[in-house]
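# Residue-level structure breakdown
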Amino acid sequence: MKIKTRLSFLFTLFSAVLLGGFTYAIYLSYVYNREEEFFKKIQLQAITKADLLLAAKVDANTLQTIYESSYNVLFQEEVAIYDTKFDLLYHDAVEIDIVKETAGMLQEISQEGEIFFKQGDWQVVGIRYEFEGEIYLITAAAYDAYGYQKLENLKYSLIVILIITLFIIYLISWIFSNQALKPLVNLNQEIEKISASNLDLRLSTKERDEIRQISESFNHMLDRLEKSFNAQKHFISNIAHELRTPLAALMAELEIATLKKKNKEELLNAVKSSLDDAKRMRELIQDLLDLAKASFDSTEIKIHSLRVDELLMETTIALKKDSPDYKVHLQIDEMEELNLEILGNPYLLSVTFRNLIENACKFSSDKSCRICVKNAVDKVVILFEDNGPGIPEVDQERIFEPFYRGENQHVATGTGIGLSLCQKITELHNGKIHFSSIMGHGSIFTLTLSSK
Ligand code: ADP
């Protein structure tokens, strides 16, 4: 069901309950008033008849004639008058005799003074009437045909008015909800125009209403999407470029090697340089694979309890196998009671350690890296220190961007992915990475991870 139909329907339902309640209350109050009024009327008529019979001494036959001659009028009551011995003195219509008076009923009238009750649709009144020291008991019954007719008319009028009112309410609420939801329909039309090819389009935020908040949030989401979409495009073209350069160099080397007759040494140099290009490509592919793994949802990554010092040692041993000239000094404060246990993914964390150690070693003139492990409150802090050229100020803001390589890139080869990878992995572990650097003296990269 559409929202506007649902809104109109709910509003009409609510109105129906409310109006239905009111209407019923009006009807009930009319029912009650009619009954009260009619009892009073019967009472008065009964007393009048008793007065005529007893005070005005109108004889019973005359009263009977009056009764019979007005038999067809809408309001007609049947009166019976008894004396204290319960002997019938007068009866309007003995042959009809609506109220079957019993000794008990007359006794009750005598005791109570007056009683009111209903016999089917007929209303009955019992009155104790005193005249010249004598007590008389009167019963009077009447059927309020006129009142019941009015009640019936009122019922139908109320039902018809209720139905017409509800129909009008439904129409009005439908028009209102249509009007209220119009901005949403417009918003939807605007959203439908946005696709991957025009991600720069934004929703209008001119109106000062709730829709404006949705539009603003949607526009912010579009900003983020556009940024990441552009970053992806940029990233892919960077990958293509980075892979094409060593591949082109490799092909060129191999082509030249096949063109002329070369001596053994020249051929060996060509193979060596081709091998370097192939290694560069392998490094880049490995970095990309790691980046893809680190870009996973954190819930997808298996987390284990591990010791930072052990993982640092394992990573150093593996790195030294590939680059035996690197010098890594691991310093762990043995004086302190250190808690080096953390929760993390060993593979991803070793990729981070390896990148930071590798960067430090490759940029240091003596290929060395000093690692220092410390404890802070609930944290393990690892510092990777080098004595390289430092990071120029212009690069400092951007070195964590994928494929960004600083002004000092001529000092060492690389892909520009390492630090962005470190940052992603650290974020996945709810940790922090930052650096400080002094030109000409070296840099310190600090990794902070929560301890277990
Ligand atoms: P890569 O090292 O492959 O170029 P990274 O993402 O690891 O890529 O580093 C990005 C840039 O940050 C590097 O090109 C370099 O300019 C700078 N950088 C990173 N680590 C150091 C360091 N220890 N000393 C100096 N510069 C560094």
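From a predicted model like this one, the values you see are computed outputs, not experimental measurements.

It is worth spelling out the packing of helix H6 (residues 264-294) against helix H10 (residues 418-428) at this point. It is the contact of H6 with H10, at a shortest axis distance of 9 Å, that shows an interaxial angle of 25 degrees. Relative to H10, the element H6 is oriented roughly parallel. For the crossing formed where H6 meets H10, the hand is left-handed. When H6 is examined against H10, the residues Asp287, Asp290, Leu291 and Ala294 are found in contact with a partner set consisting of Ser420, Leu421, Lys424, Ile425 and Leu428. Residue composition of the contact of H6 with H10, grouped by class: 5 nonpolar, 1 polar and 3 charged.

We now examine the packing of aromatic side chains. Per the counting criterion, the structure on display carries 6 aromatic pairs. Each ring, one from Phe39 and one from Phe116, has its centre 5.2 Å from the other, and the planes form 70 degrees; the classification is edge-to-face. Here Phe116 lies in strand E3 (residues 114-119) and Phe39 lies in helix H1 (residues 3-55), a separation of 77 residues in the sequence. Classification of Phe39 as buried rests on a relative accessible area of 8%.

Take the site of the ligand next. The environment of the ligand is formed by 19 residues, the closest being Asn359, Asp386, Arg405, Asn408 and Leu419. At a separation of 2.8 Å, an oxygen atom of the ligand approaches a polar side-chain atom of Asn359. Between the ligand and Arg405, the relevant distance is 2.7 Å, taken from an oxygen atom to a side-chain nitrogen or oxygen of the residue. Against a free-state accessible area of 520 Å², the protein chains account for coverage of 98% of the ligand. Those elements giving two or more residues to the shell around the ligand turn out to be helix H8 (346-363), H10 and strand E12 (442-450). A per-element tally of the shell around the ligand places H8 first, with 3 residues. Among the residues forming the shell around the ligand, the class breakdown is 7 nonpolar, 9 polar and 3 charged.

Quick notes on the rules
Residues numbered from 1 in each chain as written. Predicted model: local features only at pLDDT ≥ 70, side-chain atom pairs only at ≥ 80, totals over all residues. Heavy atoms only, no water. Axes fitted to C-alpha atoms, helices over the stretch in contact; angles between N-to-C directions. Helix = DSSP H or I, 4+ residues; strand = E, 2+ residues; numbered from the N terminus. Parallel < 35°, antiparallel > 145°, perpendicular 65-115°, else oblique. Left-handed = near helix turned anticlockwise from the far one by under 90°. Contact = heavy atoms within 4.5 Å. Nonpolar A, V, L, I, M, F, W, Y, C, P; charged D, E, K, R; others polar. Phe/Tyr/Trp six-rings, centres within 6.5 Å; stacked < 30°, edge-to-face > 60°. Buried < 20%, exposed > 50% of the residue type's maximum accessible area, 1.4 Å probe, protein only. Near = heavy atom within 4 Å. Polar contact = N/O pair within 3.5 Å; in protein donor to acceptor, adjacent residues only side chain to side chain. Areas by Shrake-Rupley, 256 points an atom, 1.4 Å probe, with all protein chains shown as cover.

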